[in-house]
Amino acid sequence: LDGGAAPAEAGKELTKAERASLFKLQNQAKIDAKKAEKEKEKVGKAERAAAAQEAQRAPKVVASKGGDASASAAAPAAPGSGEAGKGSGGLKLQHDDEKAMARARKSAALQRTEVVSSKKVPWFSHLPQYERETSISQQLSKTSKRAETVRQDNDIHPAVLTLGLKFADWLIVGANHRTTAMLRAFCKVIMDYQSPDMHTTADLSRNLDVRLKPMISYIVACRPISIGMGNAIRWLKSKIAHLPSNLSIQEGKEYLQDQVENYIMEKIVFADRIIAKNAAAKISADDVVLVYGRSSAVEAGLLRAHKDGTKFRVIVVDSRPKFEGKQVLASLSAAGVSCTYIMINSLSYVMKEVSKVLLGASAMLANGNVISRVGSSMVAIMARQYNVPVLVCCETYKFSEKVMLDSICSNELSDPDELVCSEAALSEITHRCCPFERSLADWRDVKDMKLLNLVYDLTPSDLIVLVVTELGYLPPSSVPVVIREYRKEVTL
């Protein structure tokens, strides 16, 4: 019998005690065999874990020998990247993870002062919100803890430094203008970059990728980039990584510059012209078109329809604190378009006159939802109540694979002090219902008062009838199709 001793005489019948003893021996042999297998498995796991640790240590040693470039390439990105849930370095960055955010802040190219937690609205406390800085350029961090090297003043190119300051002060607004300015600033970085270690385009690709990372981190710290800007950054990195090997260093730089200019012309300039033509075709005679905020594509479409001889009227809806509609009103009025200017709290009074609504977009998500200037969702909901069709004008480079169901998880918080009325603004009010003492000027001294200045909101896809793009008229549900078909261009 297996696992037990055979009786002295094979033909002899076993007694009850012998059978019990044999059964115990067999069970003990099975238990010993199982223990031996477990010990082997533990030894095997320990050996595999040790091998994995050795493999992980090897690249770190090589990186430390390779100099500062490799170390800085491994550093995590700054918080607030435009890429969905990622930092500019491609690492996952979750705003409600305090440890991850603390590590990202330490390696950021720019350290900014955040609003104290007691003055943040709890639902949006996971989003970065900064105080108004007297001089952002002086806040540039001088050390990088991850790279353990002293940051030099020339880490940030002057063109990028100026651009970041303009972004922070909202001197350049709008996804198209910001993307164009960012790409052209990066072109200057590429053309001015010099290194004694560069001999081939492969060296240029590696060095440029490392060179751009602190600059992207700086721009993100000045103001979080939009989804379209994140798409443009990924496209540029792809072009840098796939530089033709038969080019010289100077030819490689000129090649990248030409590619950037082509991207701006095709994805933004020409796209806006086609969208303007398509949007103008949807405006009929005697239409009353309602617009909200300011969108370059919507504005171009209205001007194109007026130039084509279509007679219509525009209702410009605006809101505090940006008052972007005033610029649209000035542009359309100068062109001779009949306009009415109202604030968003009067929306329900004029919606019964409106025949269609045109809205801009900061991004189109994969589930068909639209990210746009805060207040756009309110306009779309009011239009639905009055059965008015809502058309969204959006370039395809703003399409994203990201999915959002609300504007709480991911958004941008602007300066809360923008909501405080200045004494000069209050002096223009003729009635006495709002004296300066009630202008929220002392809101920080009030214990339980918090101001929320959201930049974007999310409009559900079921409120949108049509999306006007350079590819034609699309339903919101076709966003994933466009992303899939144009994935080869690495532009989405």
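1. Considering the side chain of Thr396
Part 1 of the argument: Mapped onto the fold, Thr396 is located in the loop between strand E9 (390-393) and helix H13 (423-427).
Part 2 of the argument: Of note is the side chain of Thr396, whose polar atom sits 2.4 Å from the side chain of Glu470.

2. Quick notes on the packing of helix H4 (residues 158-168) against helix H6 (residues 201-222)
Part 1 of the argument: H6 packs onto H4 with a crossing angle of 20 degrees between their chain directions and a minimal axis gap of 8 Å. By the criterion of interaxial angle, the relationship of H4 to H6 is roughly parallel. Relative to H6, the crossing made by H4 is right-handed. Within the contact between the two elements, H4 uses Val160, Leu161, Leu163, Gly164, Leu165, Phe167 and Ala168 and H6 uses Met215, Tyr218, Ile219 and Cys222.

3. A short note on the pairing of strand E8 (residues 370-373)
Part 1 of the argument: Sheet topology places strand E7 (residues 363-364) next to E8; two bridges connect them, and they run antiparallel. When the sheet's bridge partners are listed, Met364 is paired in E8 with Val370.
Part 2 of the argument: Linking two consecutive strands that pair antiparallel, namely E7 and E8, is a turn of five residues; a positive phi of about 90 degrees is found at Gly368 within it.
Part 3 of the argument: Sheet analysis places E8 next to strand E10 (residues 456-459), joined by four bridges and oriented antiparallel. Counterpart to Val370 in the pairing with E10 is Thr459.

4. Focus: the sheet that holds E7
Part 1 of the argument: Spatially, the three strands line up as an open sheet ordered E7-E8-E10, and their pairing is antiparallel. Here the strands that pair on one side only, and so sit at the sheet edges, are E7 and E10.

5. Concerning empty space enclosed by the protein
It is the rolling of a water-molecule-sized probe over the atoms that shows where space remains empty.
Part 1 of the argument: Going through the model one piece at a time under the given rule, you end up with two cavities of 30 Å³ or more.
Part 2 of the argument: When its volume is computed, the largest cavity comes out at roughly 50 Å³.
Part 3 of the argument: The wall of the largest cavity is formed by Val291, Tyr292, Gly293, Arg294, Ser295, Val298, Glu299, Val328, Leu358, Leu359 and Gly360.
Part 4 of the argument: For the lining of the largest cavity, the secondary-structure elements that each account for two or more residues are strand E3 (287-292), helix H9 (296-307) and strand E6 (356-360).
Part 5 of the argument: The element best represented in the lining of the largest cavity is E6, accounting for three residues.
Part 6 of the argument: Looking at side-chain class alone, the lining of the largest cavity contains six nonpolar, three polar and two charged residues.

6. Considerations on the environment of Leu303
Part 1 of the argument: With respect to the helices, strands and loops of the structure, Leu303 is situated in helix H9.
Part 2 of the argument: Of the residues examined, Leu303 reaches a relative accessible area of 28% and is grouped as partly exposed.
Part 3 of the argument: Linking Leu303 and Val337, residues 34 residues apart in sequence, is a C-alpha distance of 8.1 Å.
Part 4 of the argument: Those residues within four positions of Leu303 in sequence are excluded, and the remaining contacts are Ser331, Leu332 and Ala335.

7. Side note on the sheet that holds E6
Part 1 of the argument: A sheet is described by the order of its strands in space; here seven strands give the open sequence E5-E4-E3-E6-E9-E11-E12, paired in mixed fashion. On the outer flanks of this sheet lie strand E5 (338-343) and strand E12 (472-474), each paired with one strand and no other. Adjacent strand axes in the sheet meet at a mean angle of 25 degrees when their direction is disregarded.
Part 2 of the argument: When E3 meets E6, the two strands line up parallel, connected through three bridges. Among the inter-strand pairings, Val291 is bridged to a residue of E6, identified as Leu358.
Part 3 of the argument: Here helix H8 (residues 249-281) sits on the sheet in contact with E9, strand E11 (466-469) and E12, set at roughly 140 degrees to E11.

8. Description of H8
Part 1 of the argument: With 33 residues, H8 extends 47 Å from end C-alpha to end C-alpha; this agrees with the ideal 48 Å at 1.5 Å per step.
Part 2 of the argument: At Ala271, H8 shows its largest bend, some 35 degrees.

9. Some thoughts on the packing of helix H5 (residues 175-192) against helix H7 (residues 227-241)
Part 1 of the argument: Running from N to C, H5 and H7 cross one another at 30 degrees; their axes reach a closest spacing of 9 Å. Viewed along their axes, H5 and H7 adopt a mutual orientation that is roughly parallel. At the point where H5 passes H7, the crossing takes the right-handed sense. Residues Arg178, Thr179, Met182, Leu183, Phe186 and Ile190 of H5 touch H7, and the partners they reach there are Gly228, Met229, Ala232, Ile233 and Leu236.
Part 2 of the argument: Partitioning the contact of H5 with H7 into residue classes produces eight nonpolar, two polar and one charged.

10. Thoughts on the packing of aromatic side chains
Part 1 of the argument: The tally for this structure, following the rule as stated, stands at two aromatic pairs.
Part 2 of the argument: Every member of this aromatic cluster is reached through a ring pair, and the members are Trp235, Tyr263 and Tyr397.
Part 3 of the argument: Its guanidinium or amino end placed over the ring of Tyr473, Lys282 lies 4.6 Å from that ring's centre, counting from NZ or CZ.

11. Examining H5
Part 1 of the argument: Between the first and last C-alpha of H5 there are 26 Å, a value that for 18 residues agrees with the 26 Å anticipated at 1.5 Å per step.
Part 2 of the argument: For H5, the complete set of buried residues consists of Ala175, Asn176, Arg178, Thr179, Thr180, Met182, Leu183, Ala185, Phe186, Cys187, Val189 and Ile190.
Part 3 of the argument: Tucked inside the fold, the buried residues of H5 contact H4, H6, H7, H8, H9 and E10.

What counts and how
Residues numbered from 1 in each chain as written. Predicted model: local features only at pLDDT ≥ 70, side-chain atom pairs only at ≥ 80, totals over all residues. Heavy atoms only, no water. Helix = DSSP H or I, 4+ residues; strand = E, 2+ residues; numbered from the N terminus. Polar contact = N/O pair within 3.5 Å; in protein donor to acceptor, adjacent residues only side chain to side chain. Axes fitted to C-alpha atoms, helices over the stretch in contact; angles between N-to-C directions. Parallel < 35°, antiparallel > 145°, perpendicular 65-115°, else oblique. Left-handed = near helix turned anticlockwise from the far one by under 90°. Contact = heavy atoms within 4.5 Å. Pairing = 2+ DSSP bridges. 1 Å grid on protein atoms, 1.4 Å probe; cavity = no way out; pocket = protein on both sides within 12 Å on 5 of 7 lines; lining within 4 Å. Points joined across faces, edges and corners; volume = space filled by probe spheres on them. Nonpolar A, V, L, I, M, F, W, Y, C, P; charged D, E, K, R; others polar. Buried < 20%, exposed > 50% of the residue type's maximum accessible area, 1.4 Å probe, protein only. Expected span 1.5 Å × (residues − 1). Bend = angle between axes of the 7 residues up to and from the residue. Phe/Tyr/Trp six-rings, centres within 6.5 Å; stacked < 30°, edge-to-face > 60°. Lys NZ or Arg CZ within 6 Å of the ring centre and 35° of its normal.

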